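Chain residues, written in single-letter form:
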Amino acid sequence: MQLNSNIADYLVIVAGSPRGGVRTWKTIQKHVLQPLDADLAICCSDEWNQDSLLFKLAKYKWIFEEYEDYSNYYSTRFEGTWRELFELGKETGLYSSGMLQFAKKDIIKNNYLETIKKYKYIIYTRFDQYHVKDHPKLYENEILIPEGEDYDGLCDRHAAFPSEYAEKFFDLCTFIDLEKALSLKVKIYNSESIFLNHLKHENLLEKVRRTKRSQFTVNLKGEHTNWRTSIYRLYFYKKLMIKYPEEFIVSIKNLINSNKSLLIGNFRLLINYIYLMTRKKIGFLKNTILRRK
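Novice: Explain the sheet that holds strand β12 (residues 240-242) to me, please; I cannot follow it from the model alone.
Specialist: The strands that make up a sheet pair up through hydrogen bonds in the backbone, lying either parallel or antiparallel. Read across the sheet, 4 strands follow the order β5-β9-β12-β11 without closing on themselves; strand pairing throughout is antiparallel. Each edge of the sheet is formed by a strand with only one pairing partner; in this case those strands are β5 (129-131) and β11 (232-233). Inspection of the sheet shows β5 paired to strand β9 (residues 215-220) by 3 bridges, in the antiparallel sense. Bridge assignment links Gln129 to a residue of β9, and that residue is Thr217. The strands touched by helix α1 (residues 21-36) within the sheet are β5, β9 and β12, with β5 carrying the most contacts at an inclination of about 55°.

Novice: Explanation requested: helix α11 (residues 267-281) in the structure shown.
Specialist: Helical periodicity: at 3.6 residues per turn, an α-helix aligns residues three or four positions apart in one direction. With 15 residues, α11 ought to run about 21 Å at 1.5 Å a step, and its terminal C-alpha atoms sit 21 Å apart, in line with that. Buried residues of α11: Leu269, Leu270, Asn272, Tyr273, Leu276 and Met277, and no others. Axial view of α11: buried residues confined to an arc of 160°, hence all on one face. Phi turns positive one or two residues past the end of α11, at Gly283, with a value near 80°.

Novice: What exactly am I supposed to notice about the environment of Tyr60 here?
Specialist: Relative to the assigned elements, Tyr60 resides in strand β3 (residues 60-64). Tyr60 sits 19 residues away from Ala41 along the chain, and the two C-alpha atoms are 4.5 Å apart. Every residue in contact with Tyr60, bar those within four places of it in the chain, is listed here: Ile7, Leu11, Leu40, Ala41, Ile42, Thr115 and Tyr119. Within the structure, the side chain of Tyr60 is placed 2.8 Å from the side chain of Tyr119, a separation counted as a polar contact.

Thresholds applied
- Residues numbered from 1 in each chain as written.
- Predicted model: local features only at pLDDT ≥ 70, side-chain atom pairs only at ≥ 80, totals over all residues.
- Heavy atoms only, no water.
- Pairing = 2+ DSSP bridges.
- Helix = DSSP H or I, 4+ residues; strand = E, 2+ residues; numbered from the N terminus.
- Contact = heavy atoms within 4.5 Å.
- Axes fitted to C-alpha atoms, helices over the stretch in contact; angles between N-to-C directions.
- Expected span 1.5 Å × (residues − 1).
- Buried < 20%, exposed > 50% of the residue type's maximum accessible area, 1.4 Å probe, protein only.
- Arc of directions from axis to C-beta.
- Polar contact = N/O pair within 3.5 Å; in protein donor to acceptor, adjacent residues only side chain to side chain.

Below, the structure is given as structure tokens:
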């Protein structure tokens with residue numbers, strides 16, 4: 001049921017750095033946008049080429065000026081403990097990657113809530129997510145987050161939720177500016193542990209339902225990454241790299257278990273799955289190389 005004749009039920013927000021290339025973005029089109037008849041919003045800085053596939057598909061283009069140093073974004077908007085918190089995560093990706101990702105959520109919250117609330121459901125994801133299966137539909141009062149990749153917190157790469165939760169969901173920067181964020185009882189300060197505790201703070205964690213993972217993170221060979229560098233090629237896919245091999249293995253295993261007939265069009269992925277599973281069984285499967293800034 002659509003809200004009106006011009007607005008779809010679903011809005012997909014693809015945010016971050018446009019990595020992964022056209023082949024990856026076509027899976028977002030095929031497995032997310034088309035099955036849900038969703039509109040698309042792009043959120044990224046002005047340093048990226050806006051003639052690529054997803055930009056052409058987008059109904060909304062939320063482009064902001066790139067910051068050479070994202071601490072400048074925070075220093076003009078927040079006066080609390082945000083800087084101290086990011087310093088706690090210099091070795092865990094919170095400083096190098098989390099600082100950018102949190103700022104983008106804040107930009108969305110401060111500028112585009114009016115548009116977001118025209119839709120019933122929101123899917124917030126990244127450019128570099130390679131989807132292998134159609135996205136599940138949403139129901140009221142639940143937040144869908146794929147299983148795994150939690151790193152002592154909760155995976156923050158992809159989430160789907162009713163638009164009524166949007167303001168709280170995107171208000172992460174207010175949370176990290178609170179004194180209580182510095183006294184969290186966490187094993188490690190990283191993006192995932194902050195995301196988990198932010199949802200707790202907003203009373204949204206109880207709404208979370210984990211779904212079977214059906215996407216994995218990629219990048220093109222040579223693409224800059226803020227935190228981890230891929231070491232495994234996705235064979236038969238020109239220049240495409242698997243960023244987290246365990247994430248890939250789980251996604252393809254779930255695809256196999258859900259419907260073996262789906263493998264007919266994913267034979268090349270199956271070959272890569274067998275290869276990585278073989279490496280895993282003989283003890284020669286590494287994850288990724290950390291990149292320090």
